[in-house]
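Spelled out from the first residue to the last, the chains are:
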Amino acid sequence: MPLDPTAVGTTSPEWTVTWTDTESLLYALAVGAGQQDPLAELALTTENTTGVAQQVVPSFAVVLGFGQGMPDIGDYDPTRAVHAEQQLEVDGPVPPAGSATVSTTVTEMWDKGRDAIVWTETVLRDADTGDRLALSRTGAFLGGAGGFGGERGTTREWSAPDRVPDHRVDFATRPEQALLYRLTGDRNPLHADPAFAARGGFERPILHGMCTYGYAARLLVHAVCESDASRLAGMEGRFTRPVLPGDALALHVWRTSDDEAAFRVVDADGHPVIDRGRAFVRTA
């Protein structure tokens, strides 16, 4: 059975996610907090340091909404399913601990001929107040799942400014990074099982795209938000190449206005692994 285009508009049953500071601290470690200097990011990695209030890497909000996956969209090969693009809006600082209601809606299904991209939108709301905490929009590339007669979709305009980046941050993931990151909730064997990864055409298990995205979010907090996580109002980017655990990477950032920046993450050869990046900064 192919993908089912009538699934567009389908919303998952609402569910509740609850987390403690253990989960938010684990997420920070899983996206590299403290790797270069353990004392430099204590606000992200500890909850009881004197005079330091815990902050949460904003992209943790995406992880909180992933627990139930997407609604039923028909059949596809899970070994050929990869994260294509991720957009995030956060309405304020993500609480270090809390409870939220979550719902996910299939919003678009693009037929790329041989392949497909399915878009879902996930909303997190505070379980007590009903206030929106975050909205994330996820694009999943499904290899071999096209040909169902849907629209091809559109690509948003983006180009890097024609100048040297205002910020360049070199960093490296660790060889066991995917094994650590999977403990935040994404147990897809593509990131741990060599046989499963080989069936998808990879030489070995690859790093979660959302792990690289989380690295970018954390580094953007420092680069454009003066290390205040509450000021990162949103971000978006397209995953363009796989990253292997242990790879050396670099974040390039161009400040385009007081409340916006363009960015990309590149590998050691300068090839983008996250492209078309935009970060949105809360100025007041």
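Quick note: structure is the one above.
Here's what I pulled together on the structure shown here. Keep in mind that this is a model prediction, so the values were computed, not measured.

## Details of the pattern of salt bridges
Thought 1: Summed over all chains, the structure comprises 15 salt bridges.
Thought 2: Measuring nitrogen to oxygen at the nearest pair gives 2.9 Å for the salt bridge that ties Arg163 to Asp166.
Thought 3: Asp166 sits in the partly exposed class, given a relative accessible area of 38%.
Thought 4: A salt bridge links Glu260 to Arg278, with the shortest nitrogen-to-oxygen separation between them at 3.0 Å. Remark: Arg278 occurs in strand 10 (residues 272–281) and Glu260 occurs in strand 9 (residues 260–267); sequence separation between them is 18 residues.
Thought 5: Looking at Arg278, the relative accessible area reads 26%, which means it is partly exposed.

## A few points about the pairing of strand 9
Thought 1: Burial runs high along strand 9: seven of the eight residues are buried.
Thought 2: The pairing of strand 8 (residues 248–257) with strand 9 spans eight bridges and is classified as antiparallel. Across the sheet, the residue bridging to His252 is Arg264, located in strand 9.
Thought 3: The hairpin formed by strand 8 and strand 9 contains two residues between the paired strands.
Thought 4: Summarising the sheet, strand 9 and strand 10 pair through six bridges and their orientation is antiparallel. Bridge pairing in strand 10 places Val265 opposite Ile274.
Thought 5: Where strand 9 folds back on strand 10, the antiparallel hairpin that results is connected by four residues, among which Gly270 adopts a positive phi of roughly 85 degrees.

## Focus: the environment of Thr154
Thought 1: When you line up the elements, Thr154 lands in the loop between strand 5 (132–142) and strand 6 (167–172).
Thought 2: On the basis of relative accessibility, which here comes to 64%, the residue Thr154 falls in the exposed class.

## Points about helix 1 (residues 21–30)
Thought 1: Of all the positions in helix 1, only Ser24, Leu25, Tyr27, Ala28 and Ala30 are classed as buried.
Thought 2: Those residues of helix 1 hidden inside the fold are in contact with helix 2 (42–45), helix 3 (60–64), helix 4 (177–181) and helix 6 (209–224).
Thought 3: Gly32 sits one or two positions beyond helix 1 and adopts a positive phi of about 90 degrees.

What counts, and at which threshold
- Residues numbered from 1 in each chain as written.
- Predicted model: local features only at pLDDT ≥ 70, side-chain atom pairs only at ≥ 80, totals over all residues.
- Heavy atoms only, no water.
- Salt bridge = Lys/Arg side-chain N within 4 Å of Asp/Glu carboxyl O.
- Buried < 20%, exposed > 50% of the residue type's maximum accessible area, 1.4 Å probe, protein only.
- Helix = DSSP H or I, 4+ residues; strand = E, 2+ residues; numbered from the N terminus.
- Pairing = 2+ DSSP bridges.
- Contact = heavy atoms within 4.5 Å.

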